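So the chains spell out like this:
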Amino acid sequence: MEYLTVGLLIIAILLLVVLLFKRGDNLNLVDRISSLEKNVTKELGDFKYDFSAALKDDFDRQGLVLEKRLHLINEKVNERLDVNFERTNKTFANVLERLGKIDEAQKKIDGLSTDIVSLQSILTDKKTRGIFGETNLAIILSSIFGEKNDSIYRLQYGLSNGNIVDAILFAPKPLGTIGIDSKFPLEHYEIMCDRNLTRGEREEAFKLFKVDVKKHIDAIASKYIIRDETSSQAIMFLPAEAIFAEINAYHQDLLNYAYKKRVWITSPTTLMSTLTIISMIIKDMERDKYAQIIHDELAKLSVEFGRYKERWDHLAKSIETVNKDVLSIYTTTDKITKRFESINNVEIKNDHLIENREE
């Protein structure tokens with residue numbers, strides 16, 4: 001707005017100069033121009049002062065407004081920073097907690113890796129592998145049937161032929177007494193699955209693995225299947241699921257061989273399933289046995305109840321007869337009582353007659 005006023009003032013001054021020239025004023029042009037210049041300078045000076053003062057006032061007002069806005073922005077920024085700082089602290093604390101848990105889990109994983117390496121070094125020995133399989137077998141049996149349940153199973157059971165089976169299961173007929181023996185053909189299996197070895201070495205281990213499994217099947221069939229003592233079948237327990245999966249996936253000939261020898265190959269999972277089914281069969285048979293006992297007892301109770309009913313009917317008839325006799329006696333008693341009352345009344349009348357006669 002101020003710039004527009006200055007422009008209009010300059011235009012007015014120029015118009016005034018033009019008019020002066022047209023009128024042919026006799027004043028000296030230089031003096032007039034000098035006077036005009038002074039007036040313009042004065043006007044411009046006054047305008048400059050007023051413009052500077054107005055501009056200063058505007059700057060001051062704008063500065064106050066800007067200062068207030070900056071103050072508000074500063075407060076908002078501080079508030080946001082405090083909130084974000086608090087959230088950051090919580091997040092950082094959670095991160096530290098998670099890192100602590102991860103570090104703890106990593107330590108456990110490292111310990112577990114050490115244990116696995118130790119377990120692998122232990123399982124390289126045949127004797128320790130046998131103990132490992134027997135322990136797993138005992139844990140599975142105790143988890144299904146309970147600990148030391150000698151009526152259903154026994155560990156390290158001696159047979160009549162002098163052999164000791166890892167576990168014997170006293171299953172109901174037609175299963176009968178079943179021997180369960182743990183076998184762990186791990187050595188050639190590991191060589192067979194080692195990809196770092198040559199193809200020829202792995203193929204040789206593949207053949208030897210078959211030989212190992214067949215030897216175990218033959219040993220179980222010959223030692224733990226005894227006529228008239230055990231069932232005609234036995235169970236070979238493999239404590240490693242991987243070996244069981246290998247046989248079922250790639251060695252159908254071993255399964256057929258075991259079937260002919262009547263030796264059933266199981267893993268921890270399949271053995272637990274088999275024993276669970278046998279446990280259910282045993283419970284059902286026990287339930288049926290007790291149901292038969294209850295049925296026999298109910299039959300005996302039915303006979304006794306028939307006798308009770310017969311005697312009760314006889315007693316009821318006797319009670320009815322006695323009741324009739326009681327009623328008859330009551331009737332007779334009532335008649336006698338009335339007769340006595342009547343006789344008593346007659347005697348009184350006779351006494352009264354005697355007294356009247358004497359008068």
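None of these values were measured; they are calculated from a predicted model. (Residues numbered from 1 in each chain as written. Predicted model: local features only at pLDDT ≥ 70, side-chain atom pairs only at ≥ 80, totals over all residues. Heavy atoms only, no water.)

## Topic: the packing of aromatic side chains
For the coordinates displayed, the defined rule picks out 5 aromatic pairs. Relative to Trp264, the ring of Tyr259 lies with its centre 5.8 Å away and its plane at 50°, an arrangement referred to as tilted. A cation sits over an aromatic face here: Lys214 above Tyr257, 5.4 Å from the ring centre. (Phe/Tyr/Trp six-rings, centres within 6.5 Å; stacked < 30°, edge-to-face > 60°. Lys NZ or Arg CZ within 6 Å of the ring centre and 35° of its normal.)

## Observations regarding helix α5 (residues 199-223)
Over its 25 residues, α5 extends 36 Å from the first C-alpha to the last, a length consistent with the 36 Å expected when each residue adds 1.5 Å. Listing the buried residues of α5 in full gives Arg202, Ala205, Phe209, Lys210, Asp212, Val213, Ile217, Ala219, Ile220 and Ala221. Where α5 is buried, its residues meet β3 (177-182), α4 (187-193), β4 (234-237), α6 (241-250), α7 (252-260) and β5 (263-266). (Helix = DSSP H or I, 4+ residues; strand = E, 2+ residues; numbered from the N terminus. Expected span 1.5 Å × (residues − 1). Buried < 20%, exposed > 50% of the residue type's maximum accessible area, 1.4 Å probe, protein only. Contact = heavy atoms within 4.5 Å.)

## What about the packing of α6 against α7?
One way to put it is that α6 packs onto α7 with a least axis distance of 5 Å and a crossing angle of 95°. Between α6 and α7, the angle is such that the two are roughly perpendicular. Judged by residue contacts, Ile247, Asn248 and Tyr250 of α6 engage Gln252, Leu254 and Leu255 from α7. (Axes fitted to C-alpha atoms, helices over the stretch in contact; angles between N-to-C directions. Parallel < 35°, antiparallel > 145°, perpendicular 65-115°, else oblique.)

## Digging into a nonpolar patch on the surface
Together, Leu66, Leu70, Ile73, Val77 and Leu81 line one region of the surface with nonpolar side chains, adding up to about 460 Å² of accessible area. Looking at the element boundaries, Leu81 is found in helix α2 (residues 29-123). (Patch = residues over 30% accessible without salt bridge, like charges linked within 9 Å, V, L, I, M, F, W, Y side chains within 5 Å. Areas by Shrake-Rupley, 256 points an atom, 1.4 Å probe, with all protein chains shown as cover. Salt bridge = Lys/Arg side-chain N within 4 Å of Asp/Glu carboxyl O.)

## A few points about the packing of α5 against α7
One can describe the packing of α5 onto α7 by two numbers: an axis separation of 10 Å at closest approach and a directional angle of 10°. Taken as axis vectors, α5 and α7 run roughly parallel relative to one another. α5 and α7 meet at a crossing whose hand is right-handed. Where α5 approaches α7, its residues Lys210, Val213, Lys214, Ile217 and Asp218 are matched on the opposing element by Asp253, Leu254, Tyr257 and Ala258. (Left-handed = near helix turned anticlockwise from the far one by under 90°.)

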